[in-house]
Amino acid sequence: MLWRHKISEKYGIESNGWDVIQSRLSYGVGVWKGITNLKPIYHEGLKCIVGTGNRVKFWFDHWIGDQPLMKSHPGIYSASRRRNAYISEIMALGDDGALSWNLDFNPRRYNEDSEEAISLSLLLGSFVISTEEDNRI
């Protein structure tokens, strides 16, 4: 993994610890820019396993359901005040072992009785936390 170390050193790593930052330089990095421009296509084929939730984005990463939550629940995503949050920033494990979700919505744009809100609630209610570290498969 020497190549990963060298590229990480040169361009930096995203806060999730997995992805290399796209270069903002205007010269000498054309091939690298081309590769990093394909990142959205690459991400479509990934699914995340949530352990601690420190590396998995709640809305952007595919970790529950058939696709990322921002795509499956766009109305709720648009009402969210924490669009860039990691799961660990939203998920809380109670003393009784029950999971709760601290989702922060703009009250003017969020309707808790909407189909999307009910669907998200059911989806999150079915989630079982993994004992593994966060991972991508």
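Throughout what follows, the structure given in this document is the object of discussion. (Residues numbered from 1 in each chain as written. Predicted model: local features only at pLDDT ≥ 70, side-chain atom pairs only at ≥ 80, totals over all residues. Heavy atoms only, no water.)

**Things to note about the packing of aromatic side chains**
Applying the stated criterion across every chain, the model contains nine aromatic pairs. Considering the side-chain rings of Trp101 and Phe127, the 5.9 Å spacing of their centres and the 65° angle between planes classify their relative orientation as edge-to-face. With Trp101 in strand 3 (residues 99-101) and Phe127 in the loop between helix 7 (115-125) and strand 4 (135-136), the pair connects residues that are 26 residues apart, well separated along the chain. When its relative accessible area of 14% is taken as the criterion, Phe127 is described as buried. Between Lys57 and the ring centre of Tyr86, over which it is positioned, the NZ or CZ distance is 4.5 Å. (Phe/Tyr/Trp six-rings, centres within 6.5 Å; stacked < 30°, edge-to-face > 60°. Helix = DSSP H or I, 4+ residues; strand = E, 2+ residues; numbered from the N terminus. Buried < 20%, exposed > 50% of the residue type's maximum accessible area, 1.4 Å probe, protein only. Lys NZ or Arg CZ within 6 Å of the ring centre and 35° of its normal.)

**Let's talk about the nonpolar core**
Among the nonpolar cores identified, the biggest contains 21 residues, and Phe58, Trp59, Trp63, Leu69, Ile87, Trp101 and Phe127 are the most heavily contacted of them. At the level of secondary structure, the elements contributing two or more residues to this core comprise helix 5 (74-79), helix 6 (87-90) and helix 7. Contacts of Trp59, omitting those with residues within four sequence positions, involve Pro68, Leu69, Met70, His73, Ile76, Tyr77, Ser80, Arg82, Arg83, Phe105 and Leu120. (Core = buried A, V, L, I, M, F, W, Y, C linked by side-chain atoms within 4.5 Å. Contact = heavy atoms within 4.5 Å.)

**Details of helix 7**
When we look at burial in helix 7, the residues that qualify are Ala117, Leu120 and Leu124. Around the axis of helix 7, the buried residues are gathered within 65° of arc, so they sit on the same side. Residues Glu115, Leu122 and Gly125 are exposed on helix 7 and point more than 90 degrees away from its buried face. Looking at the buried side of helix 7, the elements it contacts are helix 4 (69-72), helix 5 and strand 3. (Arc of directions from axis to C-beta.)

**So, the environment of Ser72**
In this structure, Ser72 sits in helix 4. As a C-alpha pair, Ser72 and Ser119 span 47 residues in sequence and 9.5 Å in three-dimensional space. Within the local environment of Ser72, its side chain forms a polar contact with the side chain of His73, the two groups lying 2.7 Å apart. (Polar contact = N/O pair within 3.5 Å; in protein donor to acceptor, adjacent residues only side chain to side chain.)

Read these as geometric descriptors, not functional statements.
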